[in-house]
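Chains, contacts and geometry: an overview
The chain contents come next:
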Amino acid sequence: MLEASDLAIPGRLFDASLRIAAGELVCLVGPNGSGKTSLLHALAGIGRPSGRVALDGVDPRQLGPARRPRYLTYLPATRDVPWPLIARDLIALGGGEANLPTLELGGLLDRRMDSLSTGERSRVLIARALAPRPKLLLLDEPTANLDPLWQIRLMELVREEISAGDRAALIAIHDLDAATRYADRILVMDRGRITAEGLHGPHVAAIFGIERANGAWRPVRPSADPRSSR
Amino acid sequence: MSGRNSIMLWLALAAALIASLLLPLQPLLDVDRGLAKAVLIELRLPRTLLALVYGAMLGASGAAIQALFANPLASPDLTGTTSGAALGAVVTAYLFGFAAPLALSIGSVVGALGALALLLALAGPKAETATLLLSGLAISALAGALTTLALALAPSPFAFYDAYDWLMGSLIDRSLDQAAFAAIPAVLTITMLMRLSPALDRLALGEEVAQSLGDNIVRLRLMVVCLSVLGVGACVAICGAIGFVGLIAPIFARRLTNGHPGRAILGAALIGALLLNLADLVVRLAPLGRTLPIGVVTALLGAPFFLWQVAHMRWRLSA
């Protein structure tokens, strides 16, 4: 469904190519500064990315505000909203309608964004990205600021959303356990490139500097830290 | 803007325009019909028209600039645009004399562009309130000092008197031709700014999201800046620098649009026109025996409002 090749943003993203099939939920993991957000930007047409993107044969970056939200929407990692809009209006500005019962926004919809808690604000912003029902959801850290129950609900909601119809999601996420649990595929990024698919012990240790021990993630012992020897 | 608010605003503006044409009534009731006609057509009509377009221009460009900077305290005067335009006009007048409206308006547009370019260089496109205001203050102070310097060095001893209009603004004794000279660019640029309303509303979702929705932010920024500078520059060339209207009008207008910054452009234009007409009525009807500069009236009314707004932001931040 999505075919992207040679995506590049000078200094941040180098020749990234990927394909995502309809119905797939793909998680993007990698250390800070590895290029996850840059890849999402390149797909969403933020900045001046080079490379080719085809979403069901259409380059969504060529589309204007009237049509683009039907093809893709992007949720940035920041939860700041520069103007104190009313939640319902904010969702409408994103090109969708505020009727997502699954996010339980009922009581929040008529409130101003600056009167909401960070987590509530997150849910409204997520609703903004989901509401136009795009073919491709690009979400940057969607579970940040959400309580544990909402983290689970959100990932299950995204799953459910993309299982109906010709849709897919690409989610940048730091929580490796959540990625393992919910993703159909995991893409690992390091220093501006997609370096691997799937989480494999030695590779994770090499890139993140952590390893699984007794059911929890721990730092790789300093003497064996592969990052210090790079 | 809801239908009812919109109708109220149009009615209030119409009332202000009629009042502005008819008040004070005495000269119009003069036995000499020709004189009364001359007062109405030659004096009051251009003055009212200028108050209408200049106020609307300040309101619309204020709303657009606030939407662009995502900052309710940005405006053509606080960001140094109007003082830059005034400097440009005075320097041009110094070189070519005051009787060359085309040169004057080119001079003031260049001055305004220079001020705005300097602001973007100093504060950056997504300036914090403090950076924006400090940079604007520095630019205004510099432009003001240079304007005074140009006047001090002027060969004619009357230069200061002539230039007084450009420093505090004046709508008095302008011809219909001069009014048209300000009105045509103002109406064109306001219309074009209003066409940017939807994109400026989407900018309220943040720059990245607006881009992901398909807006060209670089082009949008350039359009808002150029249109504001052109429209405000043309008005400053005819009437001089008038402060605070561009700051206040959008703040009221956003209350009528549920906080939508782009949609507020039309309302801000109407409110700006209303405010400047009311200020001019104060100038005309104040029983002082002499004429107040209109910029003094808008500053006296606007400065307390500005302080209240700053205090309001502080309370909200600390709450």
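**Describing the overall build of chain A**
Counting its regular elements, chain A contains 7 helices and 11 strands. For 230 residues, the compact-globule estimate of 2.2 N^0.38 gives 17 Å, and chain A sits close to it at 18 Å. Taken along the three principal axes of its C-alpha coordinates, chain A extends 55 × 40 × 35 Å. Looking at the 230 residues of chain A, the share that counts as buried comes to 42%. Long-range pairs, those at least 24 residues apart, make up 65% of the contacts in chain A between residues at least 6 apart in sequence.

**So, the overall build of chain B**
The helix and strand inventory of chain B stands at 13 helices and 0 strands. Ordered by position in the sequence, the α and β elements of chain B form the string α-α-α-α-α-α-α-α-α-α-α-α-α. The C-alpha radius of gyration of chain B comes to 19 Å, within 12% of the 20 Å expected for a compact globule of 319 residues. Taking all 319 residues of chain B together, 52% fall into the buried category.

**Overview of the interface of chain A and chain B**
At the junction of the two partners, chain A supplies 24 residues and chain B supplies 17 residues. Counting residues per element, the ones that place at least two in the side of chain A that touches chain B are helix H2 (68–71), strand S5 (72–75) and helix H3 (87–93) of chain A. Classifying every residue of the side of chain A that touches chain B by side-chain character gives 15 nonpolar, 6 polar and 3 charged.

**What to know about unusual backbone geometry**
Here aspartate 6 of chain A, not a glycine, exhibits a phi torsion of approximately 55°, which is positive. Within the element layout of this structure, aspartate 6 of chain A appears in strand S1 (residues 2–9).

**Quick notes on the sheet that holds strand S9 (residues 193–197) of chain A**
Residues and elements named next belong to chain A. Judged by pairing direction, the sheet is mixed, and its 6 strands sit side by side in the order S5-S6-S7-S3-S8-S9 without closing on themselves. Edge positions in the sheet fall to S5 and S9, since each has one partner strand and no second. In this sheet, adjacent strand axes meet at a mean angle of 20° when their direction is disregarded. With 4 bridges connecting them, strand S3 (residues 25–29) and strand S7 (residues 168–172) associate as parallel partners. Across the sheet, leucine 25 pairs through a bridge with alanine 169, a residue of S7. Contacting S5 and strand S6 (136–140), helix H4 (residues 118–130) crosses the sheet at an angle of about 165° to S5.

**With respect to the nonpolar core**
Looking at soluble globular proteins, one finds that nonpolar side chains tend to be buried together. Residues and elements named next belong to chain B. Val53, Tyr54, Ala64, Ala182 and Cys235 are the most contacted members of the largest nonpolar core, which totals 161 residues. With 16 residues, helix H2 (residues 33–69) is the largest single contributor of residues to this core. The residues contacting alanine 64, other than those within four sequence positions of it, are Leu193, Leu196, Leu200, Val224, Ser228 and Ile265.

**Focus: helix H11 (residues 245–256) of chain B**
Side chains of residues three or four places apart in an α-helix project in the same direction, reflecting 3.6 residues per turn. Residues and elements named next belong to chain B. With 12 residues, H11 extends 17 Å from end C-alpha to end C-alpha; this agrees with the ideal 16 Å at 1.5 Å per step. Burial analysis of H11 places 10 of its 12 residues in the buried class, the great majority of the element. Listing the buried residues of H11 in full gives Val245, Gly246, Leu247, Ile248, Ala249, Pro250, Ile251, Ala253, Arg254 and Leu256.

How each quantity is defined
Residues numbered from 1 in each chain as written. Chains lettered and ligands numbered in written order. Predicted model: local features only at pLDDT ≥ 70, side-chain atom pairs only at ≥ 80, totals over all residues. Helix = DSSP H or I, 4+ residues; strand = E, 2+ residues; numbered from the N terminus. Rg over C-alpha atoms; globule rule 2.2 N^0.38 Å. Buried ≥ 20, exposed ≤ 12 C-beta atoms within 10 Å, placed from the backbone. Contact = placed C-beta atoms within 7 Å. Nonpolar A, V, L, I, M, F, W, Y, C, P; charged D, E, K, R; others polar. Pairing = 2+ DSSP bridges. Axes fitted to C-alpha atoms, helices over the stretch in contact; angles between N-to-C directions. Core = buried A, V, L, I, M, F, W, Y, C linked by C-beta atoms within 7 Å. Expected span 1.5 Å × (residues − 1).

Limitation: the analysis is restricted to geometry and does not speak to function.
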